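# Descriptive analysis of the structure
Single-letter residue listing:
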Amino acid sequence: MAENYYVPFKSEVKDIIKHTELEYTFRMGYSGFVLPGQFFQVSIPHYGEVPISVSGIEDGVIDLTIRRVGKVTAEVFEREKNGALFLRGPYGNGFRLENYKDKELFVIAGGTGVSPVRGVIDYFASHADEVKGLTLVAGFKTPKDILFRDDFTRWQKTANIILTTDNNGGDSSYKQGLVTEYIPGLEVKDFGTAQAIVVGPPPMMRFTVKGLLEKGFAEKNIWISHERKMCCGLGKCGHCRINDTYVCINGPVFNYEQGKLLVD
Ligand SMILES: Cc1cc2nc3c(=O)[nH]c(=O)nc-3n(C[C@H](O)[C@H](O)[C@H](O)COP(=O)(O)OP(=O)(O)OC[C@H]3O[C@@H](n4cnc5c(N)ncnc54)[C@H](O)[C@@H]3O)c2cc1C
Ligand code: FES
């Protein structure tokens, strides 16, 4: 574990899981308390530093599922098993499981948006008696973009899983349609308490939240994770600041009552 939470520490790449050409999970050595939805600042000297959410938590190990988009993430993809990355964190508030316990929980996630919420789904799929039903609607662009395939197989034993693709490429074994198309059909018993978590690219989050509100969900029962560009991750540099809110320390997970005020 890092002795000083602000100082980067060297972490060994224990394993690399290649989901697609552009998305790999790096299984990193880490011992310490961390919540799903929290993030680490991942760095490589001379290249830079990027915030990455924790996608899995196990004894002595955390998973970081990374999409290769630019300079730093491309360099991260050059690492091999037994190589190393520098990490600092965990930062941010994360998803608090107690907000969802004993309630119906609906998770709607798009693409790599499944990563930050994977720990929440994993927990309630394996402790099904702690929620009054778990539904996951997960959307990916095409079948070859689907992440965490083994997890979906495991989760569907105890949860209602709707896995969809924007375009199934003619393979009818995959559902086709945007995640928003499945919202009207969700079976909700009690809108007073039912909780929804929405994570994904900004347009997907905007239309999903709109669909949930139209369906009858209360703003206070919707949770979003806000991926704003960050620098220090510590509430010091102001990069992530919107009015009086620092996304890096007050978020990235927000209740929609507050989160709706943070849309740029
Ligand atoms: C709290 C938080 C959690 C994140 N979790 C993950 C994660 O789990 N997995 C993952 O792959 N990525 C995650 N990201 C996004 C990730 O930090 C960026 O993709 C990364 O910083 C890009 O760095 P780069 O040097 O590779 O790309 P650059 O060369 O800096 O940029 C390449 C492209 O990526 C875009 N980009 C840069 N930063 C961001 C950003 N923060 N959000 C969206 N687009 C960006 C740029 O505008 C540009 O178009 C997260 C971001 C935040 C703020
Ligand atoms: S990233 Fe520096 S204040 Fe939030």
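Quick look at the structure, then. The shown structure was predicted, so the numbers you read here are calculated from the model rather than taken from an experiment.

Time to look at the sheet that holds strand β3 (residues 39-44). The 6 strands lie next to each other as β1-β2-β5-β4-β3-β6, forming a closed barrel whose pairing is antiparallel. Mean inter-strand twist for the sheet, computed between neighbouring axes without regard to direction, equals 45°. Where strand β4 (residues 48-58) lies against strand β5 (residues 61-67), 4 bridges are found, and the strand directions are antiparallel. Residue pairing across strands places I57 opposite I62, the latter belonging to β5. Packing of helix α2 (residues 114-126) onto the sheet brings it into contact with β4 and β5, and relative to β4 it is tilted by some 25°.

Bringing the site of ligand 1 into the picture now. Taken together, 17 residues sit near ligand 1, with P51, T65, R67, T73 and R228 positioned nearest. A distance of 3.3 Å separates an oxygen atom of ligand 1 from a polar backbone atom of G70. E227 is positioned with one of its side-chain polar atoms (N or O) 3.4 Å from a nitrogen atom of ligand 1. Against a free-state accessible area of 860 Å², the protein chains account for coverage of 71% of ligand 1. When residues in the shell around ligand 1 are grouped by element, the largest group, 4 residues, is from β4. Its residues assigned to classes, the shell around ligand 1 comprises 8 nonpolar, 4 polar and 5 charged.

This part covers the nonpolar core. By size, the foremost hydrophobic cluster in this structure holds 29 residues, and its most contacted members are V137, L186, V198, L212, F217, I222 and I224. Non-local contacts of F217, meaning those with residues more than four positions away in its chain, are made with F106, V188, F191, A194, Q195, A196, L212 and I222. Core analysis: the second largest hydrophobic core is formed by 28 residues, F124, L136, I146 and F148 among them.

Before going further, it helps to examine the sheet that holds strand β15 (residues 253-255). If you walk across this open sheet you meet the 7 strands as β10-β9-β8-β7-β11-β12-β15, and the pairing is mixed. Sheet topology places β10 (175-176) and β15 at the edges, where each strand pairs with a single neighbour. Where strand β7 (residues 105-110) lies against strand β8 (residues 134-140), 6 bridges are found, and the strand directions are parallel. Pairing of A109 across the sheet is with A138, part of β8. Across the sheet, α2 lies against β7, β8 and β11 (195-199), angled at about 150° from β7, the strand it touches most. Against the sheet, helix α4 (residues 202-215) makes contact with β7, β11 and β12 (222-225), and its axis sits at roughly 160° relative to β11, the strand it touches most.

A few words on the packing of aromatic side chains. Evaluated as defined, the whole model comprises 12 aromatic pairs. Geometrically, the ring pair formed by F106 and F217 is edge-to-face, given 5.6 Å between the ring centres and 85° between the ring planes. Of the two residues, F106 is situated in strand β7 and F217 in the loop between α4 and β12; the sequence distance between them amounts to 111 residues. Residue F106 shares its accessibility class with F217, and that shared class is buried. Following the ring pairs from residue to residue traces out a cluster consisting of F9, Y30 and F40.

To continue, consider the environment of K260. As for its placement among the helices and strands, K260 is situated in the segment after α6 (256-259). Judged by relative accessible area, which is 33%, K260 ranks as partly exposed. As for K260 and I224, which are separated by 36 residues in sequence, their C-alpha atoms are 9.3 Å apart.

Turning to the pattern of salt bridges, a few remarks are in order. A side chain of one charge can pair with a side chain of the opposite charge when the charged atoms of the two come close. This structure, assessed with the given rule, holds 12 salt bridges. A salt bridge links K101 to E130, with the shortest nitrogen-to-oxygen separation between them at 3.3 Å. Taken as a pair, K101 in the loop between β6 (84-91) and β7 and E130 in the loop between α2 and β8 lie far apart in primary sequence, 29 residues in all. Residue K101 is classed as partly exposed on the basis of its relative accessible area of 32%. Residue D151 pairs with R154 through a salt bridge whose shortest N-O separation is 2.6 Å. Placement of the pair is D151 and R154 together in helix α3 (residues 149-155), with a separation of 3 residues, close to one helical turn.

The next subject is the pairing of β12. Here β12 shows two buried faces, one formed by I222 and I224 and the other by W223 and S225. Sheet topology places β12 next to β15; 3 bridges connect them, and they run antiparallel. Counterpart to W223 in the pairing with β15 is N255.

Side chains three or four residues apart in an α-helix point the same way, a direct result of the helix having 3.6 residues per turn. Here α2 spans 17 Å end to end across 13 residues, near enough to the 18 Å set by a 1.5 Å rise per residue. Its maximal kink placed at V120, α2 deviates by approximately 25°. Among all positions in α2, only V114, S115, P116, V117, R118, V120, I121, F124 and A125 are buried. Along its buried surface, α2 packs onto β4, β5, β7, β8, α3 and β11.

Cut-offs and rules
Residues numbered from 1 in each chain as written. Chains lettered and ligands numbered in written order. Predicted model: local features only at pLDDT ≥ 70, side-chain atom pairs only at ≥ 80, totals over all residues. Heavy atoms only, no water. Pairing = 2+ DSSP bridges. Helix = DSSP H or I, 4+ residues; strand = E, 2+ residues; numbered from the N terminus. Axes fitted to C-alpha atoms, helices over the stretch in contact; angles between N-to-C directions. Contact = heavy atoms within 4.5 Å. Near = heavy atom within 4 Å. Polar contact = N/O pair within 3.5 Å; in protein donor to acceptor, adjacent residues only side chain to side chain. Areas by Shrake-Rupley, 256 points an atom, 1.4 Å probe, with all protein chains shown as cover. Nonpolar A, V, L, I, M, F, W, Y, C, P; charged D, E, K, R; others polar. Core = buried A, V, L, I, M, F, W, Y, C linked by side-chain atoms within 4.5 Å. Buried < 20%, exposed > 50% of the residue type's maximum accessible area, 1.4 Å probe, protein only. Phe/Tyr/Trp six-rings, centres within 6.5 Å; stacked < 30°, edge-to-face > 60°. Salt bridge = Lys/Arg side-chain N within 4 Å of Asp/Glu carboxyl O. Expected span 1.5 Å × (residues − 1). Bend = angle between axes of the 7 residues up to and from the residue.

Any link to function would need more than the numbers given here.
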